[in-house]
Amino acid sequence: MIIKRKSTFMVGIILFIAALIITSASSILYSSDESIENRSLAAMPDLPSDITSLRAFPLLFESYFRDHIVLRAELIKLYANFLFFIGVSPVEKVILGKDDWLFYNGGRVVQDYQNTELFSESELKIWAESLQIRQDLLKAKGIGYLFIIAPNKHTIYSEYLPEYLGKRGDKSRLDQLFSYLHEHTKVNFLDLRPILLANKSAENILYWSQDSHWNRTGAYFGQLAIQHKLKEMGYDIPNSIAEPGRWQGEYLRSLDLANMLGVNESSETKHKSYQKNLLPCLDSISISEAWKSDRLAGITNVIKTKCPSRQVNALVFRDSYSTELVPFFSDYFKEATYVWTLPSEDVFKYFIEPNVDIVIEERVERSLRLLPQPAAWTMATEQFDNKKLALDSNFDQDGILIFNLDADIAKQAKIYNASAIDYAPFTLSSLQWNSQVFFPKISFKTNKEYLVKLELSATDKGTTELFFQTAEIPKFHAVQKIIRKTVAGRNTLYFKLLNIKENSPLRIDPKSKHGQYIVHSLQVKEI
């Protein structure tokens, strides 16, 4: 009996080891490159060429192996379908709503819906000042400006959210912003919530139930409000095409939330679509290459439309919600350029051309957390970038050194989405594109100016971002960052900081690429 048990135990061990060997060998020889996730899979790392790359190799290979294990996509789908079947979301960023509706759960959009994280007075002031500066800049050139917010799906179809996600406050960020702009500025803005809420019905479904965006019917009513606003501002815009009730087409797009879940089938049906002959200039949509510039390395999507019979030329800053607006806009404007970005002041000025009559800036509601850059900070940074100041000699000769990275400080840094493989020099192995390093509180003083010098080696070209905190916004925020381009190899980067919060930390994102980063030095001087 004991011998039989031992034999069974040994057979089990042999089968288990065989399964590991077969799976591992198959994953290396016949790796799965299929991805059902919204990210790039890790690449096979190069063989180590020195002691530093040897230390990084195990982590990089582990990341590659996890992403390419044989049958990985099929196993993920099987697990996702099981969780979905029992009513549990397989993905943290997707909320399972009522009647098979899905809602996005990233970017703190739920907190936006529940009205639990409102704008501070200083954040509202930054919004107001920035938008007014943009409108005034354009007005001096004889160009109009219109700021538009496309509502989150949660805002228009809250009845399909689960019961536990009730509102906790009466006023939203959107309410705050529009009220503040109305009271403190002359900015032309447009709230699309009223027309969407007034026109949603069983016949007019405005958003996809299993995608985070509106559909063509929702975009139709959105553009109808935009059309009325532009006419009110004095622009010669043609009347809209026939309403959705008279459309004869149907379409079904790739559904981002359903895809994120990784389930086999979606219950989404086709939605109404216009006939192409209703939009005669729809076929004029083309990708533009002429804008490309080293200064604008982060912008990857610029398109143009032309409709010779129209009178108005437009520049549109947009996000994914404008994808369904562009076909309607193609029939509005004689020539239009559509730039997919949340524009900084520099980008905003770069794209303004003499023939532009109107600039439209469209954002989805959830992006309101990404404040525009304060004008004073932008101008100071612009001047700093232009002068360059003979930086190396100035940094070495002038100022008071208040921070100098060493091995002890490096060990205290908080690291996310990367691993430290050495501290002298501080060496990181990044397994994801969004690695972050937080350095402890630095002896900053208010009303002082500082110069940061970072010497960084990277395995590939990309960008490095420095995040900081100010007295106005005492937290890390997308508006409070400086981006520097990096090349493969060693880089010396400088950042000028103004109005920094006293005794605040710094955050460095050596992002854009997987791979190894070496921080040779990080110094901060009061200047």
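Parameters and conventions
Residues numbered from 1 in each chain as written. Predicted model: local features only at pLDDT ≥ 70, side-chain atom pairs only at ≥ 80, totals over all residues. Heavy atoms only, no water. Helix = DSSP H or I, 4+ residues; strand = E, 2+ residues; numbered from the N terminus. Buried < 20%, exposed > 50% of the residue type's maximum accessible area, 1.4 Å probe, protein only. Contact = heavy atoms within 4.5 Å. Areas by Shrake-Rupley, 256 points an atom, 1.4 Å probe, with all protein chains shown as cover. Axes fitted to C-alpha atoms, helices over the stretch in contact; angles between N-to-C directions. Parallel < 35°, antiparallel > 145°, perpendicular 65-115°, else oblique. Left-handed = near helix turned anticlockwise from the far one by under 90°. Disulfide = S-S within 2.5 Å. Pairing = 2+ DSSP bridges. Expected span 1.5 Å × (residues − 1). Core = buried A, V, L, I, M, F, W, Y, C linked by side-chain atoms within 4.5 Å. Salt bridge = Lys/Arg side-chain N within 4 Å of Asp/Glu carboxyl O. Phe/Tyr/Trp six-rings, centres within 6.5 Å; stacked < 30°, edge-to-face > 60°.

A. Expanded view of the overall build of the chain. Scanning the chain from N- to C-terminus turns up 15 helices and 22 strands. Here the chain, with 527 residues, has 48% of them falling under the buried criterion. The long-range share in the chain, meaning contacts at least 24 apart out of those at least 6 apart in sequence, stands at 74%. On the chain, roughly 26400 Å² of surface is accessible, and the fraction owed to carbon and sulfur atoms is 54%.

B. Fine view of the packing of helix α5 (residues 121–140) against helix α7 (residues 173–184). One way to put it is that α5 packs onto α7 with a least axis distance of 10 Å and a crossing angle of 55°. Classified by the angle between their axes, α5 and α7 sit oblique to one another. Note that α5 runs across α7; the crossing there is right-handed. Residues Glu-121, Leu-124, Lys-125, Trp-127, Ala-128 and Leu-131 of α5 form the contact with α7, whose own contacting residues are Gln-176, Leu-177, Tyr-180 and Leu-181.

C. Structural view of the state of the cysteines. Enumeration over the complete set of coordinates arrives at one disulfide. Each disulfide pairs two cysteine sulfurs, and for Cys-281 the partner residue is Cys-307, the sulfurs being separated by 2.0 Å. A torsion of 65° about the S-S bond marks the disulfide between Cys-281 and Cys-307 as right-handed. With Cys-281 in the loop between β6 (271–273) and β7 (286–287) and Cys-307 in the loop between β8 (302–306) and β9 (313–318), this residue pair connects regions lying 26 residues apart in the sequence. There is no split in this pair, since Cys-281 and Cys-307 are both buried.

D. Representation of the environment of Ile-299 within the structure. Checked against the element boundaries, Ile-299 lands in the loop between β7 and β8. Judged by relative accessible area, Ile-299 falls into the buried class, the value being 6%.

E. Just the sheet that holds strand β21 (residues 506–509), in detail. Strand order across the open sheet formed by five strands is β13-β16-β21-β18-β19, with antiparallel pairing between neighbours. Edge positions in the open sheet fall to β13 (414–416) and β19 (481–486), since each of these has one partner strand only. In this sheet, neighbouring strand axes are inclined to one another by 15° on average, regardless of whether the strands run parallel or antiparallel. Bridge count for strand β18 (residues 462–467) against β19 is six bridges, and the pairing is antiparallel.

F. Structural context of helix α9 (residues 216–232). With 17 residues, α9 should reach 24 Å at 1.5 Å per residue; the first-to-last C-alpha distance of 24 Å fits that figure. With respect to burial, α9 is a largely interior element, 14 of its 17 residues being buried. Looking one or two places after α9, you find Gly-234, whose phi comes out positive at around 100°.

G. Focus on the sheet that holds strand β11 (residues 358–364). Judged by pairing direction, the sheet is mixed, and its seven strands sit side by side in the order β4-β3-β11-β9-β10-β8-β7 without closing on themselves. The open sheet has two edge strands, β4 (189–191) and β7, and neither has a second partner. In this sheet, β8 lies alongside β7 in antiparallel orientation, the contact comprising two bridges. Looking across to β8, one finds that Ser-286 is bridged to Lys-304. Against the sheet, α7 touches β3 (144–150) and β4, its axis set at about 145° to β4.

H. Fine view of the nonpolar core. Counting 59 residues, the largest nonpolar core has Leu-196, Trp-214, Ile-226, Leu-230 and Phe-333 as the members making the most contacts within it. No other element matches the seven residues that α9 contributes to this core.

I. Seen up close, the pattern of salt bridges. Counted by the stated rule, this structure contains 20 salt bridges. Put simply, Arg-369 and Glu-117 hold a salt bridge, and the shortest N to O gap is 2.7 Å. Taken together, the positions of Arg-369 in the loop between β11 and α13 (375–387) and Glu-117 in the loop between α4 (109–114) and α5 put the pair 252 residues apart, joining distant regions of the chain. Judged by its relative accessible area of 15%, Arg-369 is buried. The exposure class of Glu-117 is partly exposed, given its relative accessible area of 22%. Residue Arg-193 is joined to Asp-175 by a salt bridge in which the shortest nitrogen-to-oxygen separation is 2.9 Å. One end of the pair, Arg-193, is in helix α8 (residues 193–199); the other, Asp-175, is in helix α7, and 18 residues separate them in sequence.

J. Molecular detail of the pairing of β8. Examined bridge by bridge, β8 and strand β10 (residues 335–340) share five bridges and lie antiparallel to one another. The residue of β10 that forms the bridge with Lys-304 is Thr-337.

K. Looking closely at the side chain of Thr-217. Inspection of the secondary structure puts Thr-217 in helix α9. Note on Thr-217: relative accessible area 1%, which makes it buried. For Thr-217, the contacting residues outside a window of four places in its chain are Asn-204, Ile-205, Leu-206, Pro-244, Trp-247 and Lys-272.

L. Representation of the packing of aromatic side chains within the structure. Enumeration according to the criterion identifies 27 aromatic pairs in this entry. Each ring, one from Tyr-423 and one from Phe-426, has its centre 6.0 Å from the other, and the planes form 10°; the classification is stacked. Residue class for Tyr-423 comes out partly exposed when judged on its relative accessible area of 30%. What links up through ring pairs into an aromatic cluster is the set Trp-101, Phe-103, Tyr-157, Tyr-160, Tyr-207, Trp-214 and Tyr-321.

M. Focus on unusual backbone geometry. The omega torsion of the bond from Ala-424 to Pro-425 falls at 0°, within 30 degrees of zero and hence cis. Backbone geometry at Asn-417 places phi at a positive 60°, although glycine is not the residue there. Residue classification places Asn-417 among the partly exposed residues on the basis of a relative accessible area of 29%. Positive phi outside glycine occurs at Asn-503, with the angle close to 50°. With respect to the helices, strands and loops of the structure, Asn-503 is situated in the loop between β20 (489–498) and β21.

N. Structural view of α7. End to end, α7 covers 16 Å across 12 residues, agreeing with the expected 16 Å (1.5 Å per residue, within 8%). Looking only at α7, the buried set comprises Arg-173, Leu-174, Gln-176, Leu-177, Phe-178, Tyr-180 and Leu-181. Residues of α7 that are buried sit in contact with α4, α5, β3, β4 and α8.

That is the geometry; function is a separate question.
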